[in-house]
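Architecture and fold: a report
Given next are the chains, with one letter for each unit.
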Amino acid sequence: MTATEEVKRCRVVLIAPRIDDPAQLKSLIAAATEGGDVASLILPAHGDGEAAFQRRAEAIVPMAQARGIAVMIEGDTRIAGRVGADGIHFEGRKAELEELVEKFQGRVMIGAGGAKTRDDALELGEARPDYMFFGRFGYDNTPKPHPRNIALGRWWAEMIELPGIVMAGSDIASVETVAATGAEFVALSNAIFAEGADPAERVAAANALLDEVAPRFETGE
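Along each chain, numbering runs from 1 in the same order as the chain's sequence is written. This being a predicted model, a pLDDT of at least 70 is required before a residue's local features are given, and a value of 80 or more before pairs of side-chain atoms are given or counted; all residues contribute to the totals for chains, interfaces and linings. Computation of side-chain values: all heavy atoms of the structure, hydrogens and water removed.

Stacked, edge-to-face and tilted are the three classes for Phe, Tyr and Trp ring pairs, Trp counted by its six-membered ring, which pair at centre distances within 6.5 Å; planes under 30 degrees apart are stacked, over 60 edge-to-face, the rest tilted. Enumeration according to the criterion identifies three aromatic pairs in this entry. Between Phe134 and Trp156, the ring centres sit 5.8 Å apart and the planes meet at 65 degrees, which makes this aromatic pair edge-to-face. You can see Phe134 sitting in strand 6 (residues 131-134) and its partner Trp156 sitting in helix 6 (residues 147-159), a full 22 residues away along the chain. The pair Phe134 / Trp156 is uniform in exposure class, with both members buried. For the ring pair Trp155 and Trp156, a centre distance of 5.9 Å and an interplane angle of 65 degrees mean the geometry is edge-to-face. Throughout this description, buried means an accessible area under 20% of the type-specific maximum (1.4 Å probe, protein chains only), exposed means over 50%, and partly exposed covers the range between. With a relative accessible area of 10%, Trp155 lands in the buried category. For Trp156, a relative accessible area of 2% corresponds to the buried category. Each member of the aromatic cluster is reached from another via a ring pair, and the members are Phe134, Trp155 and Trp156. The ring of Tyr139 carries the charged tip of Arg136 above its face, separated from the ring centre by 3.9 Å. Secondary structure is summarised from DSSP: a helix means a run of H or I of at least four residues, a strand means a run of E of at least two, and numbering begins at the N terminus for each. For a ring to carry a charge above it, either NZ of a lysine or CZ of an arginine must fall within 6 Å of the ring centroid while also lying within 35 degrees of the normal to the ring plane.

Looking now at the environment of Glu50. You can see Glu50 is positioned in helix 2 (residues 50-66). Apart from residues no more than four positions distant in its own chain, Glu50 is found in contact with Asp76, Arg78, Ile79 and Arg82. Here Arg82 takes part through its side chain, which lies 2.6 Å from a polar atom of the side chain of Glu50. Contacts are assigned to residue pairs with any non-hydrogen atoms lying within 4.5 Å of each other. Whenever a nitrogen or oxygen atom comes within 3.5 Å of another N or O atom, the pair is scored as a polar contact, on the condition that within protein one atom can donate a hydrogen and the other can accept it, and that pairs from neighbouring residues in sequence are kept only if both atoms are in side chains.

All axes are obtained by fitting lines to C-alpha atoms, using only the stretch in contact for helices, and the reported angles, taken between N-to-C directions, cover 0 to 180 degrees. Two elements in contact, helix 5 (residues 118-125) and helix 6, have axes separated by 11 Å at closest approach and are oriented at 45 degrees. Classified by the angle between their axes, helix 5 and helix 6 sit oblique to one another. In terms of crossing hand, the pair formed by helix 5 and helix 6 is right-handed. From helix 5, Arg118, Ala121, Leu122 and Gly125 reach across to helix 6, where they touch Leu152, Trp155 and Trp156. Roughly parallel refers to an angle under 35 degrees, roughly antiparallel to one over 145, roughly perpendicular to one between 65 and 115, and oblique to any angle outside these ranges. Each helix crossing is assigned a hand: it is left-handed if the near helix lies turned anticlockwise from the far helix by less than a right angle, otherwise right-handed if that turn is clockwise.

Our focus in this paragraph is the pairing of strand 4 (residues 87-91). Walk down a regular strand and you will see the side chains alternate between the two sheet faces. For strand 4, the tally of buried residues reaches four of five residues, placing the bulk of the element in the interior. Two strands are said to pair when DSSP picks up at least two bridges between them. Two strands pair when backbone bridges link them, and strand 3 (residues 70-74) and strand 4 are joined in this way by three bridges, in the parallel orientation. From the neighbouring strand, Glu74 faces strand 4, where its bridge partner is His89. We call a crossover right-handed when, viewed with the strands running away from us, the connection from the first strand over the helix to the second turns clockwise. Chirality of the crossover, the property in question, places the unit of strand 3, helix 3 (residues 77-83) and strand 4 among those that are right-handed. Where strand 4 and strand 5 (residues 109-113) come together, five bridges link them in parallel fashion. Bridge assignment links Ile88 to a residue of strand 5, and that residue is Ile110.

Encoded structure:
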């Protein structure tokens, strides 16, 4: 999950909202992708059983991949394999993360989340996942990002080479705060998929703001 040659600044990662109807969820995410650049999509389990989660994944993964968007499945390696997802988003203990990395990395991406402190992040980072996620699914319900996520994201960007994803708030303007940390990716969910919102307009607004204010990354060229 690195910036493309065309987009050398913080990019949008979508977090799929809790919608049980696969067709409705697919429609919303498809609409969001019409708004511009989206690097990837994380599909949370939202506490669903395996069958329900797989139905949602089956609806979303091919559509998103056809639009050039990598899809990460939370936690379930079997579903990820069945639907041909691009990777697995994992939140748990370091030993389990190391096992996932050893078994699957190189075939699919392995992302890590759940760190609440610097020590947590460093411990998980020792397993060398493909990215570190700062935030919690479903908790982006205030306009501004959580201060802890911003602090951890800034520290991570300054100290660690592994890419970071930081959860924004429910206001599109909060992407500016995330981008200022130096994080490679900003995660958006409620800001895009809130009731009554136009997902395409929201993604377009996020990208326009990032184009304007996000720091540009060195390309090494």
